[in-house]
Amino acid sequence: MPIERELYFNRVNEAHEKGRIGDDILRSFFERLPTLERSISSIESAFGLDYPPVSFDPNLVIVKYPDGFSQTVIYASTQIQRLNEKFRICVEVTLPFLLFAREDLLRACLAHEFLHYIYITITLGNRSIEGLSSGKPITPDLQLALDETHTVKAEEWIKDNELLSLIKKYFTPMVSDPELEEKIRENWIKRTLPIKEMSVDDSMLRIPVLELDKIPLDKKIIEMSKAKSQRSN
């Protein structure tokens, strides 16, 4: 039987309907989904866990820093989004990254985000929301600073040395891949396809504190975390 994967591509369809991306881009998007599925399936085998829902941003996402000169391209991120009227932890993949990343880089990135997903699941399961806070007041919304410190150790969760090597290869600590950057420059930026620029503050997700207890959590992750903690004590 086919795997029932939670994929949310309504924003990609909307961008196409509004003429922001053409028929060729939309067709390429759907043609890349089997590659995405293959990568996710291999990650699930390596972790022994189910992958979270995946949403897609039709933009090239660029975070600009306060100095006015520095910026970072965000290819994928782990977020808490409202999906089907409920807040869920999910992995968001940008459309240009899905289209132009080699499969091994895509797999490494999705695995990297899964480590963030596990961290957030454990943190929310422990009700320790200060572990996700940016340090700013937690009212009325919780501002999440989902940076590189908010992750679990790959070696403790991944049972695949090849996947571990891929993560180490591509993350230093951000993704660095000149081939991908050139493809995006030639096939996305020069074609004036959608780009979303945001500040560091804007890149942090805010969700109502009262919604935190309603977010469904993967119980298997929480159980595995407790077992790992007991073994280390």
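Residues numbered from 1 in each chain as written. Predicted model: local features only at pLDDT ≥ 70, side-chain atom pairs only at ≥ 80, totals over all residues. Heavy atoms only, no water.

(A) Structural detail: the sheet that holds strand 1 (residues 7-8). Sheet architecture is open: four strands sit in the order 1-2-6-5, paired in mixed fashion. Each edge of the open sheet is held by one strand with a lone partner, namely strand 1 and strand 5 (76-83). Judged from the four bridges that link them, strand 2 (residues 54-57) and strand 6 (residues 86-94) form a sheet pairing that is parallel. Bridging from a neighbouring strand, Phe56 pairs with Val93 of strand 6. Sitting on the sheet, helix 1 (residues 10-17) touches strand 1, strand 2, strand 5 and strand 6, and the angle it makes with strand 2 is about 25 degrees. Along the sheet face, helix 4 (residues 103-125) touches strand 5 and strand 6 and points at about 50 degrees away from the line of strand 5. (Pairing = 2+ DSSP bridges. Helix = DSSP H or I, 4+ residues; strand = E, 2+ residues; numbered from the N terminus. Contact = heavy atoms within 4.5 Å. Axes fitted to C-alpha atoms, helices over the stretch in contact; angles between N-to-C directions.)

(B) The arrangement of the pattern of salt bridges in detail. Under the defined criterion, the tally for this structure stands at 18 salt bridges. Here Arg38 and Glu103 are joined by a salt bridge, their closest N and O atoms 2.8 Å apart. A residue pair is termed long-range when its members are at least 10 positions apart, and Arg38 in helix 2 (residues 23-47) and Glu103 in helix 4 qualify at 65 residues. Between Lys168 and Glu155 there is a salt bridge, with its nearest N and O atoms 3.7 Å apart. Of this pair, Lys168 sits in helix 6 (residues 161-170) while Glu155 is found in helix 5 (residues 154-157), placing the two residues 13 residues apart along the sequence. On the basis of relative accessibility, which here comes to 48%, the residue Glu155 falls in the partly exposed class. Taken together, the shared-partner salt bridges connect Arg102, Asp104, Asp177, Glu179 and Lys183 into one network. (Salt bridge = Lys/Arg side-chain N within 4 Å of Asp/Glu carboxyl O. Buried < 20%, exposed > 50% of the residue type's maximum accessible area, 1.4 Å probe, protein only.)

(C) The arrangement of the nonpolar core in detail. Phe47, Ile118 and Trp188 are the most contacted members of the largest nonpolar core, which totals 63 residues. Here this core gets 14 residues from one element, more than from any other, and that element is helix 4. Apart from residues no more than four positions distant in its own chain, Trp188 is found in contact with Ile21, Ile25, Pro58, Leu60, Leu95, Pro96, Leu99, Phe100, Lys183, Leu193, Pro194 and Ile195. (Core = buried A, V, L, I, M, F, W, Y, C linked by side-chain atoms within 4.5 Å.)

(D) Layout of the sheet that holds strand 3 (residues 60-64). Overall, mixed pairing links the three strands, which are arranged 4-3-8 in an open sheet. The two strands at the open ends of the sheet, each matched to only one other strand, are strand 4 (71-74) and strand 8 (195-199). Here the strands of the sheet are splayed against their neighbours by 25 degrees on average, with no regard to which way each runs. Alignment of strand 3 against strand 4, held across four bridges, turns out to be antiparallel. The residue bridging Ile62 from the neighbouring strand is Val73, located in strand 4.

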